[in-house]
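Structural features, examined
Each chain, letter by letter, is given below.
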Amino acid sequence: QVHLVESGGGLVQAGGSLRLSCAASGSIFSIPAMGWYRQAPGKQRELVAYPSRSGSPNYADSVKGRFTISRNNAENTVYLQMNSLKPEDTAVYYCNADVIRYADYGVENYWGQGTQVTVSS
């Protein structure tokens with residue numbers, strides 16, 4: 001079994017910063033890809049930051065220059081540094097990962113439970 005647990009969400013004023021963390025645990029052989037999505041009320045879930053096949057991260061146009069994804073492979077953790085936050089960044093932020101399991105070396109996609117980010121104007 002594999003679990004993704006996000007942390008770091010909260011309430012912040014516009015222009016402020018937050019750093020989200022997502023830690024993966026369980027029977028993990030490796031994690032080829034790990035990134036972030038978000039879902040605002042009444043909207044579809046959208047990609048925020050995710051590594052491309054080349055390894056360079058893809059960012060949503062709306063967050064380019066403000067958000068930075070980073071990863072600690074040794075700790076199976078991914079981070080999202082969010083600066084210059086705007087009210088439109090308000091959403092539940094979800095961690096997502098492709099995980100290769102120890103049990104059978106199969107690849108499965110996992111989601112975290114989400115962490116709320118609220119940006120006040």
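Quick caveat, the model's predicted, so the values are computed rather than measured. (Residues numbered from 1 in each chain as written. Predicted model: local features only at pLDDT ≥ 70, side-chain atom pairs only at ≥ 80, totals over all residues. Heavy atoms only, no water.)

**Some words on the pattern of salt bridges**
Test applied: Salt bridge, as used here, is a side-chain nitrogen of Lys or Arg placed within 4 Å of a carboxyl oxygen of Asp or Glu. The buried label goes to any residue with under 20% of its type's maximum accessible area, the exposed label to any with over 50%, and the partly exposed label to all in between, with areas taken from a 1.4 Å probe on protein chains only.
As enumerated under the stated definition, the model contains six salt bridges in all. K64 is the salt-bridge partner of D61, the closest N and O atoms lying 3.0 Å from each other. The partner of E108 in a salt bridge is R101, with the nearest N and O atoms 2.4 Å apart. Taking relative accessible area as the criterion, E108 reaches 35% and is therefore assigned partly exposed. By relative accessible area, which is 19% here, R101 ends up buried. What you see here is one network of salt bridges that share partners, running through R38, E46, R66 and D89.

**Observations regarding the state of the cysteines**
Threshold: A pair of sulfur atoms, both from cysteines and within 2.5 Å, is called a disulfide here. Think of it this way: any DSSP run of H or I at least four residues long counts as a helix, any run of E at least two long counts as a strand, and we number them from the N terminus.
Summed over the entire model, instances satisfying the criterion amount to one disulfide. Between the sulfur atoms of C22 and its disulfide partner C95 the distance amounts to 2.1 Å. Because the torsion about its S-S bond is -80°, the bridge between C22 and C95 counts as left-handed. You can see C22 sitting in strand β3 (residues 18-26) and its partner C95 sitting in strand β9 (residues 91-101), a full 73 residues away along the chain. Using a relative accessible area of 0% as the deciding quantity, one classes C95 as buried.

**Brief notes about the packing of aromatic side chains**
Stated formally: Only the six-membered ring of Trp is used, alongside the rings of Phe and Tyr, when aromatic pairs are assigned; centres must lie within 6.5 Å, and planes under 30 degrees apart are stacked while those over 60 apart are edge-to-face, with the rest tilted.
Overall, the coordinates contain five aromatic pairs when judged by the stated rule. Judged by centre distance (5.6 Å) and plane angle (80°), the rings of F29 and Y102 are edge-to-face. Pair noted here: F29 is in strand β4 (residues 28-39) and Y102 is in the loop between β9 and β10 (107-111), with a separation of 73 residues, a long-range link. Looking at F29, the relative accessible area reads 42%, which means it is partly exposed. Measuring from centroid to centroid gives 6.4 Å for Y94 and W111, while their planes differ by 85°, and the two rings are edge-to-face. With a gap of 17 residues between them, Y94 in strand β9 and W111 in strand β10 connect regions that are remote in the sequence. Look at W111 and you get partly exposed, because its relative accessible area is 39%. In textbook terms, an aromatic cluster arises when at least three aromatic residues are bridged by ring pairs, as seen for Y37, Y50, Y94 and W111.

**A short note on unusual backbone geometry**
In the Ramachandran plot, N76 falls in the positive-phi region, its phi being about 50° despite a non-glycine side chain. Position of N76 relative to the elements: it lies in the loop between β7 (67-72) and β8 (77-82). Residues other than glycine seldom take positive phi values, yet Y105 does so here, at roughly 55°. Relative to the helices and strands, Y105 resides in the loop between β9 and β10.

**Considerations on the sheet that holds β8**
Definition in use: Two strands are counted as paired when DSSP detects at least two bridges linking them. Axis definition: a line fit to C-alpha positions, over the contact stretch in the case of helices; interaxial angles, taken between N-to-C directions, run 0 to 180 degrees.
With antiparallel pairing, four strands are arranged side by side in an open sheet as β1-β3-β8-β7. Each end of this open sheet is capped by a strand with a single partner; those strands are β1 (2-7) and β7. Sheet twist, expressed as the mean angle between neighbouring strand axes with direction ignored, is 15°. Across six bridges, the pairing between β7 and β8 is antiparallel. Note that in β8 the partner of N72 across the bridge is T77.

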